[in-house]
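Reading the structure
Below, each chain spelled out in residue letters.
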Amino acid sequence: MAKLSGPVVAVGLRYTAIAIQFLILSLIAHHFSRHDYGLYILALSAVLPVFPLLGLGASEYVVREMPRLDAIHDRHARQDMAGTMLGVMILSVGIALGAALLAAAILPLDNQQRTMLWFATGFFIANGVMFNCAQLLLALDRHGLGAFFNYPAINIGLIAVSAPYMLLTSAPNFTGLAAATVSGASAMALWALVLTLRSGGRPRFRLSPALRQVAIGIRLAIARTLYGVGLWLPTFLAGILLNPADAGILGTAGRLSVAVSAAMAAVRFSIRPAIVRAAQRDDMDAIAALCGRLGTISLALCIVAMTATLLVGRPAIALAFGPGFDAVVPVLAILLLAVAIECFGGPVDEVLKMTGTQDGALAILAAGIVLLTCASWLLSTSGLFALASAQVLYSLFVFGLMLLLARKRLGIWLRPRLTSLAAVSNPGSRGNA
């Protein structure tokens, strides 16, 4: 059972985060207009895909490279790597704040646009700091704490501040909601930073190690960002090409669809060091068994979710979000097809990145974003249902090519398979290719 504790904790924390997130969205849907709800979702669609870029990928480098130091037992090398990463992150926070101040000073923004700018900036920094701290905690083998700050921590901070604001204020408005959201997120980010400093040493900025971390890590960060953009781009384009209310519908359906693959998303965060160690042993069969197990679980959950959507989707959505959200159900049904395609091969993108094939994954994701942008633009005139269909085309293209690349470079087919449950947390055991 000890071997299972890491993944089980990660999955539990992931679903805790999802439950809190939907409680927040439900409260906003009941206390604000569909326009303001859509603005909130639009802000999320602009921030959540790109916050991993804070820190310029230094934490991605640490997650991939720190497990390699296990063999030499060099404590000072680990502290130096961690401190340099924290220094790069803090420098990036200053750059982000400076860019926002410059934009506010030179751009002709109205009150709503100015609110959106500071909402997005504050939320970007808070999420980025928490993500970098979670990455470092994972690299330092503090898996549970890292998973906590990667998943439910941000939503706990949000609901602790935004829920009282919505429930106790006589006339809540979007500016107040934005301020409450940023305040809650910032408080949790500060807590994450304090605990990470206690675990990983003091920040430092040494130019040569910092440049090396960024040179390698930025490609991993861009690949992660492109993956997030693939999830959020149709929602963002719906807000730009259609209207904020449509972005709210598509974003809500997108959050529900992501909940289906949450088990895989949670485990993929915590098992990356294990993938690195298995690759060092040239144990590709173990990686294939791990991904196959995750693919099987996620695909089964997706089938259950599709069935539930068809049977009880409309009354459940009406109960959670109120009238006017009926359009979420058909959009969700389409997005679940895209999720099923992604689930088939398990975390294939993480396998490629953790085994030195990040450039191939990056190229595929970049080409996929171009395809998704063009398809979304062309299909947007036909409504949300067609816009959601662009996500299916994107998933077929991106994950199909990644599976082929894994076969070519690593010699393994990543597909659903039944293996022992221990393989999920310990990919050191041999499996079948």
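These lines cover the structure that appears in this document, whether it is placed above or below.

Thresholds applied
Residues numbered from 1 in each chain as written. Predicted model: local features only at pLDDT ≥ 70, side-chain atom pairs only at ≥ 80, totals over all residues. Heavy atoms only, no water. Helix = DSSP H or I, 4+ residues; strand = E, 2+ residues; numbered from the N terminus. Buried < 20%, exposed > 50% of the residue type's maximum accessible area, 1.4 Å probe, protein only. Contact = heavy atoms within 4.5 Å. Core = buried A, V, L, I, M, F, W, Y, C linked by side-chain atoms within 4.5 Å. Disulfide = S-S within 2.5 Å. Phe/Tyr/Trp six-rings, centres within 6.5 Å; stacked < 30°, edge-to-face > 60°. Lys NZ or Arg CZ within 6 Å of the ring centre and 35° of its normal.

**Quick notes on the overall build of the protein**
- Helix and strand counts for the protein stand at 18 helices and zero strands.
- Each principal axis of the C-alpha atoms in the protein carries an extent, and together these give about 60 × 45 × 40 Å.
- The buried share among the 433 residues of the protein stands at 59%.
- Pairs at least 24 residues apart make up 84% of the contacts formed inside the protein by residues separated by at least 6 positions.

**Details of the nonpolar core**
- Among the nonpolar cores identified, the biggest contains 145 residues, and Tyr40, Met66, Phe123, Val129, Phe149, Met402 and Leu414 are the most heavily contacted of them.
- The element best represented in this core is helix α5 (residues 111–139), accounting for 15 residues.

**What to know about the environment of alanine 288**
- Relative to the helices and strands, alanine 288 is located in helix α13 (residues 284–321).
- Accessibility expressed as a relative area gives 0% for alanine 288, which makes it buried.

**Comments concerning unusual backbone geometry**
- The backbone phi angle of leucine 56 is positive, close to 55°, even though this residue is not glycine.
- Residue position: leucine 56 is located in the loop between α2 (34–47) and α3 (58–65).
- Even without a glycine there, the phi angle at aspartate 282 is positive, about 60°.

**Topic: the state of the cysteines**
- Tallied over the entire structure, the rule returns zero disulfides.
- Unpaired in this structure, cysteine 302 has its nearest cysteine sulfur neighbour in cysteine 343, at a distance of 5.5 Å.
- The exposure class of cysteine 302 is buried, given its relative accessible area of 1%.

**A short note on the packing of aromatic side chains**
- Taken as a whole, this structure holds 11 aromatic pairs when the rule is applied.
- An angle of 90° between the planes, with centres 5.3 Å apart, marks the rings of tyrosine 37 and phenylalanine 325 as edge-to-face. With tyrosine 37 in helix α2 and phenylalanine 325 in the loop between α13 and α14 (328–344), this pair connects stretches of sequence that are 288 residues apart. Both residues of the pair, tyrosine 37 and phenylalanine 325, count as buried.
- Residues phenylalanine 51 and phenylalanine 131 carry aromatic rings whose centres are separated by 5.8 Å and whose planes lie at 75° to one another, so their mutual orientation is edge-to-face. Of the two residues, phenylalanine 51 sits in the loop between α2 and α3 while phenylalanine 131 sits in helix α5, which places them 80 residues apart along the sequence.
- Look at phenylalanine 51 and you get buried, because its relative accessible area is 15%.
- Each member of the aromatic cluster is reached from another via a ring pair, and the members are Phe22, Tyr37, Phe321 and Phe325.
- Above the plane of the ring of phenylalanine 325 lies arginine 34, whose end atom (NZ or CZ) is 5.8 Å from the centre.

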